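What follows is each chain in one-letter form.
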Amino acid sequence: MKNDEGNGEKKCPECGTDFESDARFCVSCGASLIDAPPAGVFDSKEGKASQKRGKGIASAKERFEPWALEAGKKISRIPKVIKISVPVAFLAVLVIVVTLVVLASLFSPERCVRRYLEYLKSGDFPSAYKLVVKNEGKFGTYEYFEKWQKLQRDKLGALRDFRVRPRRSENRIFGRLIIEEDTGEPRYTATLVFEEERHDINLTVVNAGGIWPVKKYKVRLSSDPVKILASPIGARVYVDGIYAGRAKEEELFKEALSLSNFPQDLDEVVDYAKKLMKTFQWLLGEAKYILRTFSGIAENAERTLNKLGVAGVTWSEILNSVDRVASSGKELWSEVASTALGIYWIFGGGDNKSLRSGLMRKRPCLQINYLPEGYHVVRVEMPGMKTVVKEFLAPGRIEIKLKPSNERVSELKKSLEEFFSKRALALSQMNLENAVAVAEGEALREITEEFLGLAGSSQRKGSALKSRKYVDIKALSENVATVTTVENWDYIYYDALDRAVSALSDVKEKWIYTLRKRGDRWVVVEKVKD
């Protein structure tokens, strides 16, 4: 190739190609032409070698920018082993990360809850129990757990399906007014669908060790304590066939009742302030329970309405849901009335210092701290009382009042009939020995005062019971009961010569008699007008 220096041509220092003097890059190999030597100065050896290299890239000059060609040349110098190992290593890391994420999802808190419920659904109770946090006491053993699950199957049928969702941290209706303490542990609500009914339970997941991604979790079945209001005091309480204990007087309410005794000195003022704080604590607990119950009724009603028109939901399930809402409503208003009566008692109302009022103003209960949430059967029994069995959903509370058995009712009626007869005989024959056998305490004192009044006026009193009706019979304890009656009497008063001096006919009276058991018989201890 001929070089013409007069035309200002130069040669590329890399490949030896001619170019114009004002060119910046070689059109053949893309090399920089800045400060390139003139066309006459050219290394033939280097030029020949560059020409060979230029042949391979001559066709690329129209497809690539100069910087891209430079980068390609640098990459071509990287060893082949590195070129293969880097993408393989990246792919391996990606596979490991995906595997760890998938593995972690198998050991997540929600997966733990679902695994627990799947075991219950299949009837694998031992495996389900292994996923449970072991609580204290008789309600934390496997024997109880298995008995409880079999009881649910007997009463509700097999567990057909379930649905798990994260639990709300606040109450839907009352917002953050009713909110549980946030422990940082994942909480879920599971809807359990049995053959006969469905209900919700709350489950909390706790960390049981391990490292990510294979972390261990367990399910806590209980949260709030369960309170069983079982009267009278001393009643024996069984939960799911397991003896739970005897009902005893609630201490907070007992302290609240003592507020009616106002302080007399500075020391009593301090004690009174402590009792006032405990009373406030009791009232706050009552208010929260009522609000939770009201919110639960609203949510149950909402779920019932949502079932209308849903495929697969039978009318029987809808009617059962409506019945539960109505039943919950009755229990709510009963609880409101009970709380209002408690407040009335706290401020001294209804206390006439009688044995009857003292026993009626007590609030017997039994608190169970580790009873699992869900369906349970409570049985309350006591000698001389009718045994009561109720179903309920924990947590919360349930109220059971025992009534005298038929045998006890017969005993009380017979004793009261004897009281009527002996009292009338004592005042007619003016002989208190008859009354002493059937009365004591305030009742005997009242008969004695009437006896002395008649003796002072030289009279005696003839009584004839025309009719009587038993209105109500209550058990206040194992050995104390009250009988409310409506009576119709005829009275005739005689003087010392047995002449009738006055008479009263069709005297209608309503009395509340308190009877206490003495050995194998009942005696009347108090008698007040209703």
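Every value quoted in this text rests on a predicted model; they were computed, and no experiment measured them.

**Q** Now, about a nonpolar patch on the surface: what can you tell me, with residues and values included?
**A** A cluster of nonpolar side chains, Phe90, Leu91, Leu94, Val95 and Val98, forms an exposed patch at the surface whose accessible area comes to about 490 Å². Along the chain, Val95 turns up in helix α3 (residues 80-106). Given a relative accessible area of 47%, Val95 falls into the partly exposed group.

**Q** Go over the pairing of strand β17 (residues 500-518) with me, naming the residues and quoting the values.
**A** Note that strand β16 (residues 480-494) and β17 share 14 bridges and pair antiparallel. By the bridge assignment, Ala481 is partnered in β17 with Leu515. Between β17 and strand β18 (residues 521-529), which pair antiparallel in sequence order, lie two residues; one of them, Gly519, sits at a positive phi of approximately 70 degrees.

**Q** Break down the nonpolar core for me, with residues and values.
**A** Ranked by internal contacts, the top residues of the largest apolar core, which has 52 residues, are Tyr116, Leu117, Phe145, Ile228 and Leu371. Tyr116 has contacts with Ala128, Leu131, Val132, Phe145, Gln149, Val219 and Leu221, leaving out every residue within four places of it along the chain. In terms of nonpolar packing, the next biggest core, distinct from the first, is built from 26 residues, Ala443, Ile473, Ala481 and Tyr491 among them.

**Q** How would you sum up the environment of Glu331? Please name residues and give values.
**A** When you line up the elements, Glu331 lands in helix α9 (residues 315-346). With 38 residues separating them in the primary sequence, Glu331 and Thr293 have C-alpha atoms 8.9 Å apart.

**Q** Pulling in residues and values, what's your account of the sheet that holds strand β13 (residues 388-394)?
**A** In spatial order, the strands read β9-β8-β12-β13; together these four strands make up an open sheet with antiparallel pairing. Edge positions in the sheet fall to β9 (242-246) and β13, since each has one partner strand and no second. Averaged over all adjacent pairs, the angle separating strand axes in this sheet is 30 degrees, with direction ignored. Here strand β12 (residues 374-381) runs beside β13; their pairing, made up of seven bridges, is antiparallel. Within the sheet, the bridge partner assigned to Tyr375 lies in β13 and is Leu393. Here helix α6 (residues 142-156) sits on the sheet in contact with β8 (236-239), β9, β12 and β13, set at roughly 95 degrees to β12.

**Q** Could you give an account of the layout of surface pockets, with specific residues and numbers?
**A** Roughly 710 Å³ of volume is contained in the second largest pocket. Lining the second largest pocket we find 27 residues, and of these Ser231, Trp345, Met360, Glu399 and Lys401 sit closest to its centre. The dominant element in the lining of the second largest pocket, judged by the number of residues it contributes, is α9, at six residues. Its residues assigned to classes, the lining of the second largest pocket shows 16 nonpolar, four polar and seven charged.

**Q** I'd like to hear about a negative patch on the surface, residue by residue, with values.
**A** A surface patch of like charges, here negative, comprises Asp265, Asp267, Glu268 and Asp271. Checked against the element boundaries, Asp271 lands in helix α8 (residues 266-307).

**Q** A description of the sheet that holds β16 should follow, citing residues and the corresponding values.
**A** Read from one edge of the open sheet, four strands run β15-β16-β17-β18, paired in antiparallel fashion. With one partner strand each, in any of the chains shown, β15 (460-475) and β18 form the two edges of the open sheet. Adjacent strand axes in the sheet meet at a mean angle of 30 degrees when their direction is disregarded. With eight bridges joining them, β17 and β18 adopt antiparallel strand pairing.

**Q** How would you sum up the pattern of salt bridges? Please name residues and give values.
**A** On inspection of all chains with the given rule, the structure shows 29 salt bridges. The partner of Glu146 in a salt bridge is Lys150, and the shortest N-O contact between them spans 3.4 Å. Of this pair, Glu146 and Lys150 are both found in helix α6, four residues apart, which corresponds to roughly one turn of the helix. We classify Lys150 as partly exposed; its relative accessible area is 43%. Residue Arg408 pairs with Glu411 through a salt bridge whose shortest N-O separation is 3.5 Å. Highlighted residues: Arg408 and Glu411, both in helix α11 (residues 406-429), separated by three residues, approximately one helical turn.

**Q** Now, about the packing of helix α4 (residues 109-122) against α6: what can you tell me, with residues and values included?
**A** Close contact between α4 and α6 brings their axes to 11 Å; oriented N to C, the two are set at 65 degrees. Note on packing geometry: the crossing formed by α4 with α6 is right-handed. Of the residues in α6, those in contact with Tyr116, Leu120, Lys121 and Ser122 of α4 are Phe145, Gln149 and Arg153. Of the residues in the contact of α4 with α6, the class split is three nonpolar, two polar and two charged.

**Q** Outline empty space enclosed by the protein, listing residues and values.
**A** Within this structure, the stated rule accounts for four cavities of 30 Å³ or more. Of the volumes computed, that of the largest cavity is approximately 150 Å³. Looking at the lining of the largest cavity, the elements with two or more residues in it are α4, α6, β4 (187-194) and β5 (198-211). Per-class residue counts for the lining of the largest cavity are 10 nonpolar, five polar and two charged.

**Q** Explain the packing of α11 against helix α13 (residues 441-456) residue by residue, including any values.
**A** One can describe the packing of α11 onto α13 by two numbers: an axis separation of 10 Å at closest approach and a directional angle of 25 degrees. The angle between the axes of α11 and α13 places the two elements in the roughly parallel class. Of the two elements, α11 crosses α13, and the hand of that crossing is right-handed. Counted together, Phe419, Arg423, Ala426 and Leu427 of α11 and Ile447, Glu450, Phe451 and Leu454 of α13 form the full contact between these two elements.

What counts, and where the lines are drawn
- Residues numbered from 1 in each chain as written.
- Predicted model: local features only at pLDDT ≥ 70, side-chain atom pairs only at ≥ 80, totals over all residues.
- Heavy atoms only, no water.
- Patch = residues over 30% accessible without salt bridge, like charges linked within 9 Å, V, L, I, M, F, W, Y side chains within 5 Å.
- Areas by Shrake-Rupley, 256 points an atom, 1.4 Å probe, with all protein chains shown as cover.
- Salt bridge = Lys/Arg side-chain N within 4 Å of Asp/Glu carboxyl O.
- Helix = DSSP H or I, 4+ residues; strand = E, 2+ residues; numbered from the N terminus.
- Buried < 20%, exposed > 50% of the residue type's maximum accessible area, 1.4 Å probe, protein only.
- Pairing = 2+ DSSP bridges.
- Core = buried A, V, L, I, M, F, W, Y, C linked by side-chain atoms within 4.5 Å.
- Contact = heavy atoms within 4.5 Å.
- Axes fitted to C-alpha atoms, helices over the stretch in contact; angles between N-to-C directions.
- 1 Å grid on protein atoms, 1.4 Å probe; cavity = no way out; pocket = protein on both sides within 12 Å on 5 of 7 lines; lining within 4 Å.
- Points joined across faces, edges and corners; volume = space filled by probe spheres on them.
- Nonpolar A, V, L, I, M, F, W, Y, C, P; charged D, E, K, R; others polar.
- Lys, Arg positive; Asp, Glu negative; His and termini not counted.
- Charge placed at Lys NZ, Arg CZ, Asp CG, Glu CD.
- Left-handed = near helix turned anticlockwise from the far one by under 90°.
- Parallel < 35°, antiparallel > 145°, perpendicular 65-115°, else oblique.

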